[in-house]
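# Architecture at a glance
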Amino acid sequence: SIQECLGPMFTTEAVPKLSHEDRLALLKSMTRHFATDDDWEAVDKAELTKTIDGFRPADLQKVSIQLRRIISTTIGHSSNAVSSFDFNAALTEVLSDFTPLSHLALGKDDSIPSTSWNDIGGLHEAKRVLMETVMNPIKYRLIYEQVKI
């Protein structure tokens, strides 16, 4: 397995799933520098909870960054900044175009060739040298560590 090849320095940890309340609190915390409690009162919390379901903290951070950009652009071009700013509309705009990490397609990348050893005709010596030089130190890491190569 990959864990055996990479050894103990690479471990996997389970990340706890955020609750709906945690996501809302985190997003509110990330927007505290440019959105007031009054701004958040206008937001439909039930609808927002459905929209951000499954978002990770990195997703919420990107949403807050995009919100800040929209707000700074709106306020920067307005003569009456406070009244023209509509946090709820900006939040709706950002979320309508946003794709969270958990929803991205994890399909195959066509730019990475799918050539296998069987696709390479002949070149047996070259394949053997590659295996010894590249693959074996990964597969048999413990043996190579003991030999100090």
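Up top is the structure.
Residues numbered from 1 in each chain as written. Predicted model: local features only at pLDDT ≥ 70, side-chain atom pairs only at ≥ 80, totals over all residues. Heavy atoms only, no water.

Per the counting criterion, the structure on display carries five salt bridges. A salt bridge links Arg-23 to Asp-53, with the shortest nitrogen-to-oxygen separation between them at 3.7 Å. Taken together, the residues Arg-23 in helix H2 (residues 20–30) and Asp-53 in the loop between helix H4 (45–51) and helix H5 (57–76) connect sequence positions 30 residues apart. For Arg-23, a relative accessible area of 2% corresponds to the buried category. (Salt bridge = Lys/Arg side-chain N within 4 Å of Asp/Glu carboxyl O. Helix = DSSP H or I, 4+ residues; strand = E, 2+ residues; numbered from the N terminus. Buried < 20%, exposed > 50% of the residue type's maximum accessible area, 1.4 Å probe, protein only.)

Glancing now at the nonpolar core. Ranked by internal contacts, the top residues of the largest apolar core, which has 21 residues, are Leu-48, Val-63, Leu-67, Phe-87 and Leu-91. If we ignore the near neighbours within four places in the chain, the residues touching Leu-91 are Leu-27, Val-43, Leu-48, Val-63 and Leu-67. (Core = buried A, V, L, I, M, F, W, Y, C linked by side-chain atoms within 4.5 Å. Contact = heavy atoms within 4.5 Å.)

For helix H7 (residues 87–97), every residue scored as buried is listed here: Phe-87, Ala-90, Leu-91, Val-94 and Leu-95. For H7, the arc enclosing every buried residue in end-on projection is 125 degrees, short of the 170-degree limit, so these residues lie on one face. Exposed residues on H7 whose side chains face more than 90 degrees from its buried face are Ser-96 and Asp-97. For H7, the N-terminal cap is Asp-86; the gap from its side-chain oxygen to the backbone nitrogen of Asn-88 is 3.3 Å. (Arc of directions from axis to C-beta. Polar contact = N/O pair within 3.5 Å; in protein donor to acceptor, adjacent residues only side chain to side chain.)

Glancing now at the side chain of Arg-23. There is a polar contact of 3.1 Å between the side chain of Arg-23 and the backbone oxygen of Leu-18. Only 3.4 Å separates the side chain of Arg-23 from the backbone oxygen of Ile-52, close enough to count as a polar contact. Here Arg-23 is in contact with Lys-17, Leu-18, Ile-52, Asp-53, Gly-54, Phe-55 and Leu-60, once residues within four sequence places are set aside.

Tracing the chain through its elements places Leu-26 in helix H2. When the C-alpha atoms of Leu-26 and Leu-60 are compared, they prove to be 7.6 Å apart, with 34 residues separating the residues in sequence. When neighbours within four sequence positions are excluded, Leu-26 is seen to be in contact with Leu-18, Pro-57 and Leu-60.

Time to look at unusual backbone geometry. The phi dihedral of Leu-123 falls on the positive side, at around 50 degrees, and the residue is not glycine. The class of Leu-123 is exposed, set by a relative accessible area of 56%.

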